[in-house]
Amino acid sequence: MRPLRLAFVVLAAVQFALAAAAYPALPDRFPTHFDMGGAPDVWSDKSWWAWLAPLLLLTSAAAGVLGLGAFALRHPSLLNIPGDRKARWLALPPERRAIVDDALRSMFESIALATLLVGGAVQLLVWQGATSDAAPIPWPLLATPFTAIVVMLSLSRIESALETAEKGLAAR
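Read on for a plain summary of the structure. (Residues numbered from 1 in each chain as written. Predicted model: local features only at pLDDT ≥ 70, side-chain atom pairs only at ≥ 80, totals over all residues. Heavy atoms only, no water.)

### A closer look at empty space enclosed by the protein
- According to the stated counting rule, one finds one cavity of 30 Å³ or more in the structure shown.
- One number sums up the size of the largest cavity: a volume of about 40 Å³.
- Taken together, Ile81, Arg85, Trp89, Val100, Ile158 and Leu162 make up the lining of the largest cavity.
- Each residue belonging to the lining of the largest cavity can be placed in one class, and the counts come to five nonpolar, no polar and one charged. (1 Å grid on protein atoms, 1.4 Å probe; cavity = no way out; pocket = protein on both sides within 12 Å on 5 of 7 lines; lining within 4 Å. Points joined across faces, edges and corners; volume = space filled by probe spheres on them. Nonpolar A, V, L, I, M, F, W, Y, C, P; charged D, E, K, R; others polar.)

If you want it as structure tokens, here you go:
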């Protein structure tokens, strides 16, 4: 299993295990929505669904990113890659194209992992709101720039992979 995919599976399992362990300590009502400042503005009665819904939704979205990545690599003509990069990538022979494919796969895995981290941040925000009188730290807002950085680094890696694949082709 690829390292990022393994990290995804392990992180998802840890997040769900921690959420399950924390559930008994939740109060009868806890916050399930927060304003932009991180203050609770909607409360719900204690239930497994209310507690796990954010984590389930973001884990499902992250898994969807992995599925979309796998689908896109099987149907590359559907990918929206800016500029002439798509034509350059598709023009490569299969053995050179695999270098770019690996970078694309890593991008999708990195985005999925970052999405999962945002899910954990949301769960942490709910936990803090439920168990503390102090205003919780808005972890999801802090995690969003991290996700943007992951995407930018991934795009840079794809460009480098494309250049490497083309250099290898020119060296023949």
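### Brief notes about the packing of helix α1 (residues 3-22) against helix α4 (residues 94-131)
- Closest axis-to-axis distance for the α1/α4 pair is 9 Å, and the angle between their directions is 15°. With respect to α4, the element α1 is oriented roughly parallel. Pair α1 / α4 crosses with left-handed handedness. When α1 is examined against α4, the residues Leu4, Arg5, Ala7, Phe8, Leu11, Ala12, Gln15, Ala19 and Ala22 are found in contact with a partner set consisting of Ser106, Glu109, Ser110, Ala112, Leu113, Leu116, Leu117, Gly119, Gly120, Gln123 and Trp127.
- The class makeup of the residues in the contact of α1 with α4 is twelve nonpolar, six polar and two charged. (Axes fitted to C-alpha atoms, helices over the stretch in contact; angles between N-to-C directions. Helix = DSSP H or I, 4+ residues; strand = E, 2+ residues; numbered from the N terminus. Parallel < 35°, antiparallel > 145°, perpendicular 65-115°, else oblique. Left-handed = near helix turned anticlockwise from the far one by under 90°. Contact = heavy atoms within 4.5 Å.)

### A few points about the nonpolar core
- The biggest cluster of nonpolar side chains holds 24 residues, and the ones touching the most others in it are Phe8, Leu79, Trp89, Val100 and Leu104.
- No other element matches α4, which puts nine residues into this core.
- In terms of nonpolar packing, the next biggest core, distinct from the first, is built from 13 residues, Leu26, Phe30, Leu125 and Ala130 among them. (Core = buried A, V, L, I, M, F, W, Y, C linked by side-chain atoms within 4.5 Å. Buried < 20%, exposed > 50% of the residue type's maximum accessible area, 1.4 Å probe, protein only.)

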